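# Architecture at a glance
Here's the letter readout for the chains.
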Amino acid sequence: YRIEVDPAVDTRRVHLPAMMLQPYVENSIWHGILPMDRPGSVTIRVRPGTDGHVEVWIEDDGVGLESSRRDKGRQGGDHISRGIELTKGRADVLRRLAISDIHITGPQQRVDGPGTSVVVALPTDPAAGKVQ
């Protein structure tokens with residue numbers, strides 16, 4: 001794994017709610033990396049976004065969404081992953097309560113190679129609300 005923080009990001013102004021990234025990193029490992037027959041990696045990139053946000057990119061070079069879904073269908077598994085669903089719901093509630101303006105894009109198939117990516121946009125403006 002790698003964690004890369006752009007030097008232009010003032011990390012003191014980024015407020016990351018607890019467990020906001022964990023379900024996405026876990027899914028990258030379980031559904032992207034572990035099914036492969038080669039070593040894989042997960043990268044977390046933090047970089048400036050737009051409109052007073054910082055973007056946290058979670059990317060893996062795993063099997064990708066299409067392969068993961070196809071394999072899941074073949075195995076006939078009855079496992080239902082709730083982590084991502086709950087995390088997106090939590091971000092929606094925080095937005096509606098005007099506590100924090102968090103936006104989540106993905107998970108989606110990477111276009112620059114194999115694997116999956118998710119982008120979590122977090123506010124950097126303290127007036128947007130501090131979530132702990």
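Each helix and strand counted, the protein has three helices and five strands in total. Helices and strands in the protein line up, N terminus first, as β-α-β-β-α-α-β-β. Taken across its 132 residues, the protein has 38% of its residues classed as buried. Sequence-distant contacts in the protein: of pairs separated by 6 or more residues, those separated by 24 or more amount to 65%. Element-wise, carbon and sulfur atoms account for 54% of the exposed surface of the protein, whose accessible area totals about 8,100 Å².

Looking now at the confidence of the model for the protein. The share of residues in the protein with pLDDT of 70 or more is 72%, and the mean pLDDT across the chain is 81. In the model, residues 128-132 has pLDDT below 50 throughout and makes 14 contacts with residues more than four positions away in sequence or in other chains.

Another point: helix α1 (residues 22-33). Count 3.6 residues to each turn of an α-helix, and residues three or four apart come out pointing the same way. With 12 residues, α1 should cover 16 Å at 1.5 Å per step; its first-to-last C-alpha distance of 15 Å lies within 8% of that length. For α1, the set of buried residues is P23, Y24, N27, S28, G32 and I33.

Time to look at the sheet that holds strand β3 (residues 53-60). The sheet built from five strands is open, its strands ordered β1-β2-β3-β5-β4 with mixed pairing. Strands with a single pairing partner mark the edges of an open sheet, and in this sheet they are β1 (2-5) and β4 (103-109). When the angles between neighbouring strand axes are averaged without regard to direction, this sheet yields 10°. In terms of strand pairing, β4 meets strand β5 (residues 116-123) through five bridges, oriented antiparallel. Bridge assignment links T105 to a residue of β5, and that residue is V119. Contacts from α1 reach β2 (42-48), β3, β4 and β5 within the one sheet, and its direction differs from that of β3 by about 20°.

Conventions adopted
Residues numbered from 1 in each chain as written. Predicted model: local features only at pLDDT ≥ 70, side-chain atom pairs only at ≥ 80, totals over all residues. Heavy atoms only, no water. Helix = DSSP H or I, 4+ residues; strand = E, 2+ residues; numbered from the N terminus. Buried < 20%, exposed > 50% of the residue type's maximum accessible area, 1.4 Å probe, protein only. Contact = heavy atoms within 4.5 Å. Areas by Shrake-Rupley, 256 points an atom, 1.4 Å probe, with all protein chains shown as cover. pLDDT = per-residue confidence, 0-100. Expected span 1.5 Å × (residues − 1). Pairing = 2+ DSSP bridges. Axes fitted to C-alpha atoms, helices over the stretch in contact; angles between N-to-C directions.

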